[in-house]
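Read off the chains here:
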Amino acid sequence: TYRTLSDRENRAMAGLSMGGMQTFATTTANLDKFAYIGGFSGSAGSGGTFDPKTTSNGVFADAAAFNKRVKLLWLGVGTEESPSTKLFHQALDKHGVNNVYFESPGTAHEWLTWRRCLNDFAPRLFR
């Protein structure tokens with residue numbers, strides 16, 4: 001038996017690779033249930049085609065409302081991976097959506113990247 005807090009302020013979801021993309025699909029469709037979102041080499045990022053009114057069903061259209069609801073939107077990737085996550089981060093910044101971007105130096109789509117991502121992401125939870 002574990003004592004847990006089950007409200008949205010105490011609920012996070014993160015995933016790696018395709019799991020990161022699934023995490024974004026699940027959490028952005030259920031912002032009433034999640035306050036912390038993490039993507040390790042996977043996100044809702046579509047590179048240079050970001051549109052805050054349509055990406056993730058428009059949850060980024062009102063940046064202030066999104067920022068108020070989501071305590072942490074975290075994106076991590078290896079420097080040797082596709083630039084799509086970095087482009088997504090830059091587009092979020094441009095539209096005023098708070099997010100944390102982490103790059104694992106010299107790594108690709110691999111375990112070392114995700115270990116470094118977890119090391120940066122985990123201490124930021126539930127603050």
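Please refer to the structure higher up on the page.
It is worth spelling out the overall build of the protein chain at this point. Helix and strand counts for the protein chain stand at four helices and four strands. Reading the protein chain from its N terminus to its C terminus gives the helix and strand order β-α-β-α-β-α-β-α. Since a compact globule built from 127 residues should have a radius of gyration of about 14 Å, the 14 Å found for the protein chain is in line with a globular shape. Seen along its three principal axes, the alpha-carbon backbone of the protein chain occupies a region of about 40 × 40 × 20 Å. For the protein chain, the proportion of its 127 residues judged to be buried stands at 43%. For the protein chain, the proportion of contacts with a sequence separation of at least 24, taken over those separated by at least 6, is 69%. Taken as a whole, the protein chain presents about 7100 Å² of accessible surface, with 52% of it coming from carbon and sulfur. Here the protein chain contributes 14 positive and 11 negative side-chain charges, whose respective centroids are spaced 7 Å apart.

This part takes up helix α3 (residues 84-94). What α3 keeps buried is the set T85, F88, H89, A91 and L92. Along the axis of α3, the buried residues cluster in a sector spanning 165 degrees; they form a single face. Of the surrounding secondary structure, the elements contacted by the buried residues of α3 are α1 (18-28), β3 (72-78) and β4 (100-104).

What follows is about α1. Restricting attention to buried positions, one finds in α1 the residues G20, T23, F24, T27 and T28. Viewed along the axis of α1, the buried residues span an arc of 100 degrees, placing them on a single side of the element. Across from the buried face of α1, at angles greater than 90 degrees, the exposed residues are M18 and A25. The inward-facing, buried residues of α1 contact β1 (12-16), β2 (36-40), β3 and α3.

A few words now on the side chain of R8. If you trace the backbone, R8 turns up in the segment before β1. Among residues more than four places away in sequence, those in contact with R8 are L31, D32, K33, F34, A35, R69 and V70.

Further remarks concern the sheet that holds β3. Adjacent strands of a sheet form backbone hydrogen bonds with each other and so pair up, either parallel or antiparallel. Pairing within the open sheet is parallel, and its four strands lie in the order β1-β2-β3-β4. The open sheet has two free edges, formed respectively by β1 and β4, since each of these has just one partner strand. The average undirected angle you get between the axes of adjacent strands in this sheet is 10 degrees. Contacts between helix α4 (residues 111-121) and the sheet are confined to β1, β2, β3 and β4, with β3 contributing the most and set at about 155 degrees to the helix.

Conventions used here
- In every chain, residue numbers begin from 1 and rise along the written sequence.
- Predicted model: local features are reported for residues with pLDDT of at least 70 only, side-chain atom pairs are reported and counted for 80 or more only, and whole-chain, interface and lining totals are derived from all residues.
- Remark: hydrogens and water are excluded; side-chain values derive from all non-hydrogen atoms of the structure.
- In this text, helices come from DSSP runs of H or I with a minimum length of four residues, and strands from runs of E with a minimum of two, each type numbered from the N-terminal end.
- Radius of gyration: C-alpha atoms only; globule rule: 2.2 Å multiplied by the number of residues to the exponent 0.38.
- Think of it in three bands: with a 1.4 Å probe and only protein chains considered, a residue is buried below 20% of the maximum accessible area for its type, exposed above 50%, and partly exposed in between.
- Every residue pair with non-hydrogen atoms within 4.5 Å of one another is taken to be in contact.
- A 1.4 Å probe and the Shrake-Rupley method give the accessible areas. Residues count as covered only by the protein chains that appear here.
- Charged residues are defined narrowly, with Lys and Arg counted positive, Asp and Glu counted negative, and His plus the chain ends left uncounted.
- Note that the charge is assigned to NZ on lysines, CZ on arginines, CG on aspartates and CD on glutamates.
- Think of it as the arc spanned by the lines of direction from the helix axis to the C-beta atoms.
- Here, any two strands with at least 2 DSSP bridges between them count as paired.
- Fitted lines through C-alpha atoms serve as axes, helices being fitted only where they are in contact, and the angles separating the N-to-C directions of these axes extend from 0 to 180 degrees.

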